[in-house]
Amino acid sequence: MTEKPFLVSGRNTLIHKIRKLDLLVMNGEDNPAILVTHKSIKEYTGAIPDNRREAKQLDMEMVDVTVGDVFGEEKTLLFVQTINGKEYKIDYSKHGTPLFIKIHQDNTF
């Protein structure tokens, strides 16, 4: 089995760990997808790949937080740490506002 490009920490934190693959984070049917690159996070507005193989061709790893080997349930609040040391807070209850994706901690050197 190949190494996953992310780690799960605690009950609601993802840690991005492989620079060459972006993470396409999905959180249930009604929440927008999030694209995690090595240096930032933004709402994903493109077409969601149909499967993992299509995602790999786009240099992405699809991460569904609702599956059992990630968190197993939809999250209202999710923290994502990028490779450059920044931790972002994604508050799905605030989608459509400037508080939806916000830097939580900046641990850059």
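Student: Any chance you could break down the side chain of Glu87 for me, citing the residues and the numbers?
Tutor: Tracing the sequence through the fold places Glu87 in strand β8 (residues 86-91). At 9.8 Å, Lys89 is the nearest oppositely charged side chain to Glu87, a buried residue that forms no salt bridge. Apart from the residues within four sequence positions on either side, Glu87 is in contact with Thr13, Phe79, Val80, Gln81, Lys102, Ile103, His104 and Gln105.

Student: Any chance you could break down the sheet that holds strand β2 (residues 13-16) for me, citing the residues and the numbers?
Tutor: Spatially, β1-β2-β7-β8-β9 is the arrangement adopted by the five strands of the open sheet, whose pairing is mixed. The sheet is open, and its two edges are formed by β1 (6-9) and β9 (101-106), each paired on a single side. Pairs of neighbouring strands in the sheet enclose a mean axial angle of 25°, with direction left out of account. Where β8 meets β9, five bridges bridge the pair, whose relative direction is antiparallel. Bridge assignment links Tyr88 to a residue of β9, and that residue is Ile103.

Student: Pulling in residues and values, what's your account of the pattern of salt bridges?
Tutor: In total, this model carries five salt bridges according to the counting rule given. Of the charged contacts, one joins Arg52 and Glu61 as a salt bridge, the two residues approaching to 2.6 Å between their closest N and O atoms. Of the residues examined, Arg52 reaches a relative accessible area of 52% and is grouped as exposed. In this structure, Lys75 engages Glu73 in a salt bridge whose closest nitrogen and oxygen atoms are separated by 3.2 Å. Judged by relative accessible area, Glu73 falls into the partly exposed class, the value being 43%.

Rules used in this analysis
- Residues numbered from 1 in each chain as written.
- Predicted model: local features only at pLDDT ≥ 70, side-chain atom pairs only at ≥ 80, totals over all residues.
- Heavy atoms only, no water.
- Helix = DSSP H or I, 4+ residues; strand = E, 2+ residues; numbered from the N terminus.
- Buried < 20%, exposed > 50% of the residue type's maximum accessible area, 1.4 Å probe, protein only.
- Lys, Arg positive; Asp, Glu negative; His and termini not counted.
- Salt bridge = Lys/Arg side-chain N within 4 Å of Asp/Glu carboxyl O.
- Contact = heavy atoms within 4.5 Å.
- Pairing = 2+ DSSP bridges.
- Axes fitted to C-alpha atoms, helices over the stretch in contact; angles between N-to-C directions.

So far we have only geometry, and geometry alone does not tell us how the molecule works.
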